Each structure stands twice: as structure tokens, then as C-alpha cells.
Amino acid sequence: MHIRLSSLHSIKTSDSNMGWKYLIFVLQDGAVLPALHFHKGGSKEVLQFLERFVWLSISPSNPNCLQVIDNRNALHHSLTQLQIFNEAPSMSVCTRFLKDAYVETMVGFSRVTKLMWDAFGSANINEIANNEKKIEIDCTPGIAVSSYEPGFEFVTCNKLGDDPAVSRLEPLTDVEFTSFFDSRGCLVEIDKFLERAFRGGLGHGIRQEAWKYLLNYYSFDFNNEMKLDRKHQKTGEYHSIKQQWQLITPTQEKNFKEFRLRKSTVEKDVLRTDRTHEFYKGEDNPNVKKLYNILLTYSFYNFDLGYVQGMSDLVSPILFVMENEADTFWCFVGLMERIGSNFDIDQKEIQKQLSLLYGLIRFVDPEFCNYLDTHDSNNLYFCFRWLLVLFKREFTFQETMLLWEVLWSQRLSQHFLLFICLAIIMNQKQVIVSNNYGFNEIIKHVNELALKLNLEDILKKAETMFIQVKRCKTMPSNIKELTETPNSFGP
Amino acid sequence: MDEVHTTKVVLLGRTGSGKTSLIVRYISSVFSENVKPTIGAAFSKKTVQLIHGEERKQVVLAIWDTAGDERYESMAPLYYRNSSAAIICFDLADRQSYNKVDFWVKELVEKVEQNCKLYICGTKTDLLAEYGGPLKRAVGPTEVMAYAKKLNAKFVETSSKSNYGIDDLFKLVAADFAGFTLCEAPPIEDSLRLQEPNQTDVNEKSSCCF
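Conventions adopted
Residues numbered from 1 in each chain as written. Chains lettered and ligands numbered in written order. Predicted model: local features only at pLDDT ≥ 70, side-chain atom pairs only at ≥ 80, totals over all residues. Heavy atoms only, no water. UniProt positions renumbered as here; feature names shortened; annotations may be inferred. Helix = DSSP H or I, 4+ residues; strand = E, 2+ residues; numbered from the N terminus. Buried < 20%, exposed > 50% of the residue type's maximum accessible area, 1.4 Å probe, protein only. Contact = heavy atoms within 4.5 Å. Buried area = accessible area lost by both parts, 1.4 Å probe. Salt bridge = Lys/Arg side-chain N within 4 Å of Asp/Glu carboxyl O. Polar contact = N/O pair within 3.5 Å; in protein donor to acceptor, adjacent residues only side chain to side chain. Nonpolar A, V, L, I, M, F, W, Y, C, P; charged D, E, K, R; others polar. Axes fitted to C-alpha atoms, helices over the stretch in contact; angles between N-to-C directions. Parallel < 35°, antiparallel > 145°, perpendicular 65-115°, else oblique. Left-handed = near helix turned anticlockwise from the far one by under 90°. Expected span 1.5 Å × (residues − 1). Pairing = 2+ DSSP bridges. Right-handed = clockwise from strand over helix to strand, strands pointing away. Phe/Tyr/Trp six-rings, centres within 6.5 Å; stacked < 30°, edge-to-face > 60°. Lys NZ or Arg CZ within 6 Å of the ring centre and 35° of its normal. Core = buried A, V, L, I, M, F, W, Y, C linked by side-chain atoms within 4.5 Å. pLDDT = per-residue confidence, 0-100.

Looking at an unreviewed UniProt entry, one finds chain B named Ras-related protein Rab-24 and attributed to Trichoplax adhaerens. Per UniProt, chain B has the following entry under Sequence similarities (unreviewed entry): "Belongs to the small GTPase superfamily. Rab family."

An unreviewed UniProt entry lists chain A under the name TBC1 domain family member 15, with Trichoplax adhaerens given as the organism. According to the UniProt record, the Subcellular location (unreviewed entry) comment for chain A is "Cytoplasm".

Given below as C-alpha cells:
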């Protein structure tokens, strides 16, 4: 249930003779929402909070009806105070409420009651979990009220409904892959190819060819000749960019601090990227040198971005698949076209994604979202590494390649990564809540999940949640965008 | 009963200065050549027992490891806020790494409100020629000590590989926090004695020990 404060017309309250209070929200367009019953109190507090944002005045004709007079100024004031990523260790009730006003939407009244519960109740979360009793409100499917604490109730909305059946397949084989091409070498069965990449990943033998499509090095309509041309042309281009830094003389280097720093950072990082993997193992491994060349060349291809830590993690599997420098370089360029802004110094893109993920958690589980709010973790920084290097640190090398194929297929949504994050977070929710983890412990716990996660289970769960969210009839526009399937395979 | 205090310690420093290795050695007592560059941040905890005569204290160190890449410096405040101690690391054989120390010192002095004790930590002594390694010092100890003195910071040297000076460093941090005076000198001035295989100076240490 969402209510825009600005669309609220009036609130009907129960007669004082009645045993308990209820509130009925009437919207500007005449719509009447299902009654919210407060069997053990709390309605007064809800109204008090609402009064921070709107004026409520008793109707002259009906003492049980409160008329809403929108206070734009109050709302505007709250807008200017918004900080999605509030760094203060704990937000005041008021600040949290202002945040809600900013989104101008209340995702179910669970938040209101929860806010007050946080503010006044502050009971141990374990107790709450034990005390949880769900009471269905009559005639209002999809809304459940649970009693958590005397005087307060928990309204849970956005029940996602049944788990839709999802299935995963074996990786795409080379025989199947070959059948997707026409006689000239054009990949014509694009849909089938992307669907298979999404649903099962790719067999290792076809990765070298297939990743070139997924990373926009090749177009699907390239025939064999065009592919050769592309490779030839791009290999030349790579080597000329590479030469630019190779030709820097020791004197030039001495006078070029930025280059020295960049070079030494790349050097330090390639020496500690996947060095336990067979492909990069041992001293003087030529593949480590290749990795170095590609990264330094990229920093000359994209001077502004340069080299940023995390990039070596992204190039490493690509080089393992491509084996040669030039192909790896251009595939990496293709990848950076999509996610390069994650590495921008202002962190805006990462913040944006974290905020989208926050919205997603808020949508599917406002209760847990409130937990994160009240445990100094609503900035979701514990997901930073996941987003930045596409889960490279969380899964094995093999699993990472498969996961990337699922993402790169852009099959369900360009934001499927966020649903994978959501799936993992939801799986960990129980542990986080029952141990009452805060900012420190959540980061520690999440970092320690590395190599302990089951990829196939998580992919299934992510897809399930994606379908569940997508079939919700009403949702905020930012959530809706996340569930939109792109019309065509894009850069 | 023992008094228990928790204090937040943050490690800062240029990429590759050995922050993660230092923590891994301290927490897990292991050294790996294959520690990956830190992305985001990492958190760990360890309890230090302080015993001084009849007085006993437990200090829980809540340790934050940070990413060294300059691109992520904007996130650092999230991890150093409310720290009561900062260990600023630099690679003893890398001048670039030392040059970064002053950046962090200034940042902390400027941004951290409460009193944050500073520890300048030269890492990787095992790489230095004087310890049998292949490299020479990129910065003389007198220079660092003078710099540390000016800041009222402490200077220590460590090696995560040969497990040198690490426990002492964290004990020092805990003791400073708890207001314990150490009669043991910090590792740098104490290096010779610490390397002796048999510690015969029991009496000397008995007045204050961990």
C-alpha cells in the first residue's frame, strides 16, 4: 500500500466508544483505503507523526473525521534535508520520518508503526521475532498485521506471493552454439543465445568466441570476414595505444609523477590478482605481464578514469578466456562502457546503485529495511564490493565467469545484478537480525561469505524475486524501472 | 572483575603498504603472499589483555582495514570516524608509500573531532637489506622519527612476513587507549632485545607486562 501524503484528503477515525482505534484514509480522488486497526493503541502516535507533514483539522461536521491540509512548506523543508546515505550513526525519528516524506510515499504503514516502535519500544529484536503473531485483517488481502509489542502493530505489505517456478540449465554446448550461426558466420539466433547464456552460462570452449558478442567486441550481424577485419583493425589500434606508454623514456617518467603512481599501482595489483589460479601462478608468469600491459594501456585509452583498484579483478577472467592481450583489452573496454562509471571518483554511480538496491529492499521487506535503518547500515556499503567487481571476490573463478554471463546476457533486466544482491541479502537477513548485527558486524559477516555462497541457488532466488517484484501491480517508478526488460541487447 | 573497553582502530595508507597483511597476521597469525587489494573495507576484532600488578583491563580492538586506492579516499571517513587510534602504514622500501603518510595525517587531524592517537607504521622490514632482504630503505628512520615526534605520533616498524613488531604494535595501541604505561619500549627502539632468542630480562619486564 502506498499513500502519497499530497493525495491524502482526510482520515476517518473510530468512535471513542469503540474498544479500539482504527484509521481510514480517504484520498483526494475519493478512494477509501482499507481500515488500519490498532487493537493495542498506537493510532494517536501515527497521527502525531503525520502532523509533522500535513495539518490535520477536525471536520466541523464530523468529529471523527480529520481533514488534511497539505503543508507544502513542511514537505519542501524535508526535501532539503534529505540524505539518502546518512553518515550519522543513528538518525533521529524525525530525520527518518523526513526521509519518508521525501519519497512522498509510504510503503505500507508498517514503516510508521515500526518507526514508533523503534522510537518508543526499542525491545530486543530477538524477543520481537519470537512474539511475532500474524493476524489477517478481514477483507484486505495482501495486508497482514502482526503484534510485536503492546501498543504497536506491524503491518506488512508487499507480500510477494508464491514462488514462481524457475529452472536453470546446463551450460551452452559448442554444438548448440554453432547452430545459432548462419552459413556466413552471423549469429542469427540472438534470443536463443542470450536466453541460454542467462539460464545456464556458457561451456568453457565457446567462451572465447561468445564473450566477444556479450562484451560488444563483435556485433551479432558480423559475418566471418567482418569478424576478421574487426580483430585485425582493433589489434593494431591496441598496439598503438600500448606503444604510447612503452615509448615513455626514463627521464620522461622521472618528470611524470601521475604516470609513476599509476604504473606502480598497476604493478602492485597485478602481482596480487588471482595468483593462486593456475593461469597466473608462479614467478615471471607471462600472463601477469599481459594483465599489466592491458591495464596500463587502458589507463592511456581512458586517461580520465585511469586505473582504479578493482579493474584487475575484472580483466583477469577476461584474459583467462581470451588469452591474447588485444582481444582482452577490447572486451574490457566493452565492459567498461557499461560499468566504468562505477569507478568514478565521485562514487555517484555506485551510490545510485546502492540507493536503487535500498529501494528494492524497502519494497520487498520494509521490516528488514527498517532494521538496516536503525543499525547504521542503510547506506548498504556492505554491498560495495559486490557491485564494484561484479561478485568476483565472492565466488570462485569458474562461478564468476558463469555469473558474468548471466549478467551480460541482459536477459531479464539490465539491473539483474541488484536482484542477485537482494537474493543474498534476503538469505542473510535471519543471521543479521538474530545476531543483532550492526554496521561493523554486517560488513564482517558479508565479507566472510566469500566462497561460501551457492551460485545456482542464488541465481534461482534472484530470478524468483525478480518475477515476484515484476508482477506486483503497484510499485514506485524506480522499482518498476529495475524490472523492465530491455527491448534489445544494448552496449 | 576485569574492566572491558572497546576502541576503534583504523588502518590507512597507500595501496600495497601492507595494511591487510598486518591485520591478517595479527588476527589469524598467518602470512600470505597472495593478499588481494582491499575493495571497500574490512572489519575485525581482537581482545587484548592488559595486566599491571593487581590491575587488569581488557581492551577490545575494533579494527578497520581500508582500501588504499586514492579513488576510494572519499569513503575513508566512514571507516575512520570515531576512531581513537589510526595506524598509518607505509612500505619502508617505497618512497611513494611514505609520501602518502602526511596526506592521511592531515586528513585525520583536520576531520577527526576527538583525540585520535597516531601511529606511523613502517612495514615490510623483511625486505630491507639490514634484515637480510633485497631492498634498501626508501626513507631513513631518523627522518620518520623526527616527523612522528613533531606530530606526537609513535613510530613502529613491522614485518607481517616474519611476524615482527605486530603484536607489540597492537598492544601499544590498546595500552595507550587504556592509559597503561608501558615500560617496554616501542618495537623500533626495542628491536635488538626482541630478537634475542631467550628473554632473560624477566625482572625488568615484570613490573609491567601483558
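Asks: Quick rundown of the overall build of chain B? Include the residues and the values.
Replies: Helix and strand content of chain B: eight helices and six strands. Seen in sequence order, chain B has helices and strands lined up from the N terminus as β-α-β-β-α-β-α-α-β-α-β-α-α-α. A total of 210 residues make up chain B; the buried ones form 54% of that total. Restricting the contact set of chain B to residue pairs at least 6 apart, pairs at least 24 apart contribute 71%.

Asks: An account of the interface of chain A and chain B is needed here, citing residue identities and associated values.
Replies: The partner chain B presents 28 residues to the 37 residues of chain A that form the contact. Of the roughly 3000 Å² buried where chain A meets chain B, counting both sides, 53% is carbon and sulfur surface. Contact with chain B buries area across many residues of chain A, yet Arg-272, Gln-309 and Arg-393 of chain A alone supply 22% of it, more than any other trio. The interface formed by chain A and chain B holds three salt bridges in total. With a shortest N-O distance of 4.0 Å, Glu-441 of chain A and Lys-45 of chain B are connected by a salt bridge. Counting the contacts that link chain A with chain B gives 14 residue pairs in polar contact (both at pLDDT 80 or more). At the level of elements, helix 11 (257-270), helix 17 (384-388) and helix 20 (439-447) of chain A are the ones that each hand at least two residues to the side of chain A that touches chain B. Looking at side-chain class alone, the side of chain A that touches chain B contains 12 nonpolar, 10 polar and 15 charged residues.

Asks: Which residues make up the packing of helix 12 (residues 286-301) of chain A against helix 13 (residues 311-322) of chain A, and what values go with them?
Replies: All names here are of chain A. Between helix 12 and helix 13, the shortest axis-to-axis distance is 10 Å and the interhelical angle comes to 125 degrees. The angle between helix 12 and helix 13 falls in the class oblique. When you trace helix 12 past helix 13, the crossing you get is right-handed. Within the contact between the two elements, helix 12 uses Asn-287, Lys-290, Leu-291, Ile-294, Leu-295 and Tyr-298 and helix 13 uses Met-311, Ser-312, Val-315, Ser-316 and Leu-319. In terms of residue class, the contact of helix 12 with helix 13 is made up of seven nonpolar, three polar and one charged.

Asks: Quick rundown of helix 14 (residues 325-339) of chain A? Include the residues and the values.
Replies: All names here are of chain A. Its 15 residues give helix 14 an end-to-end C-alpha distance of 20 Å, which sits within 8% of 21 Å, the value for a rise of 1.5 Å per residue. Across the 15 residues of helix 14, 13 count as buried, placing the element largely inside the fold. Between the side-chain oxygen at the start of helix 14 and the backbone nitrogen of Ala-326 there is a gap of 2.9 Å, and the oxygen is on Asn-324.

Asks: Please set out the pairing of strand 5 (residues 117-123) of chain B residue by residue, giving values where relevant.
Replies: Residue and element names in this part refer to chain B. Within strand 5, six of the seven residues are buried, which leaves it mostly tucked inside the rest of the structure. The pairing of strand 4 (residues 85-91) with strand 5 spans seven bridges and is parallel. Residue Ala-86 lies in a different strand from strand 5, and its bridge partner there is Leu-118. In this sheet, strand 6 (residues 154-157) lies alongside strand 5 in parallel orientation, the contact comprising four bridges. Bridge pairing links Gly-122 to Glu-157 in strand 6. Following the chain from strand 5 across helix 5 (residues 141-151) to the adjacent parallel strand 6, one finds a crossover that is right-handed.

Asks: Any details on the packing of aromatic side chains? Residues and values, ideally.
Replies: This structure, assessed with the given rule, holds 43 aromatic pairs over all chains. Through a chain of ring-to-ring contacts, three or more aromatic side chains come together here, namely Phe-177, Phe-181, Phe-193, Tyr-213, Tyr-217, Tyr-218, Phe-220, Phe-222 and Phe-489 of chain A. Positioned above the aromatic ring of Tyr-26 of chain B, the side-chain terminus of Lys-46 of chain B is 4.4 Å from the ring centre. Its guanidinium or amino end placed over the ring of Phe-103 of chain B, Lys-100 of chain B lies 4.0 Å from that ring's centre, counting from NZ or CZ.

Asks: Go over the UniProt feature "domain: Rab-GAP TBC" (unreviewed entry) in chain A, please, and point to the residues and values.
Replies: The sites that UniProt annotates as "domain: Rab-GAP TBC" (unreviewed entry) are residues 201-411 of chain A. Structurally, residues 201-411 of chain A comprises 66% helix and 0% strand, and the distance from its first C-alpha atom to its last is 12 Å.

Asks: Just give me the short version of the pattern of salt bridges, but keep the residues and values in it.
Replies: Residues and elements named next belong to chain A. Per the counting criterion, the structure on display carries 39 salt bridges over all chains. The partner of Glu-325 in a salt bridge is Lys-242, with the nearest N and O atoms 3.0 Å apart. With Glu-325 in helix 14 and Lys-242 in helix 9 (residues 224-246), this pair connects stretches of sequence that are 83 residues apart. On the basis of relative accessibility, which here comes to 12%, the residue Glu-325 falls in the buried class. Look at Lys-242 and you get buried, because its relative accessible area is 9%. Taking the shortest distance from any N to any O, the salt bridge between Glu-278 and Lys-281 comes out at 3.7 Å. The exposed category is assigned to Glu-278, whose relative accessible area is 62%. Looking at Lys-281, the relative accessible area reads 42%, which means it is partly exposed.

Asks: Report on unusual backbone geometry, specifying residues and quantitative values.
Replies: You will see that Leu-390 of chain A, though not glycine, has its phi angle at about 50 degrees, which is positive. Tracing the backbone through its elements, the reader meets Leu-390 of chain A in the loop between helix 17 and helix 18 (397-408). The phi torsion at Asn-152 of chain B lies on the positive side, around 60 degrees, for a residue other than glycine. Residue placement: Asn-152 of chain B occurs in the loop between helix 5 and strand 6. The exposure class assigned to Asn-152 of chain B is exposed, which follows from its relative accessible area of 70%.

Asks: Just give me the short version of the nonpolar core, but keep the residues and values in it.
Replies: Phe-193, Trp-211 and Phe-416 of chain A are the most contacted members of the largest nonpolar core, which totals 159 residues. Here this core takes 13 residues from helix 19 (residues 416-434) of chain A, the largest share from any one element. If we ignore the near neighbours within four places in the chain, the residues touching Phe-193 of chain A are Leu-172, Phe-177, Phe-180, Leu-187, Leu-202, Ala-210, Tyr-213, Leu-214 and Phe-220 of chain A. With 25 residues, the next largest nonpolar core counts Leu-22, Val-48, Leu-50 and Val-59 of chain B among its residues.

Asks: Can you lay out the confidence of the model for chain B for me, pointing to particular residues and giving the numbers?
Replies: Residues and elements named next belong to chain B. Per-residue pLDDT for chain B averages 87, and the proportion of residues at 70 or more is 85%. Taken as a whole, residues 185-210 scores under 50 in pLDDT and shows 35 contacts with residues more than four places along the chain or in a different chain. Scored as a whole, the predicted complex attains pTM 0.78, and scored at its interfaces, ipTM 0.87.

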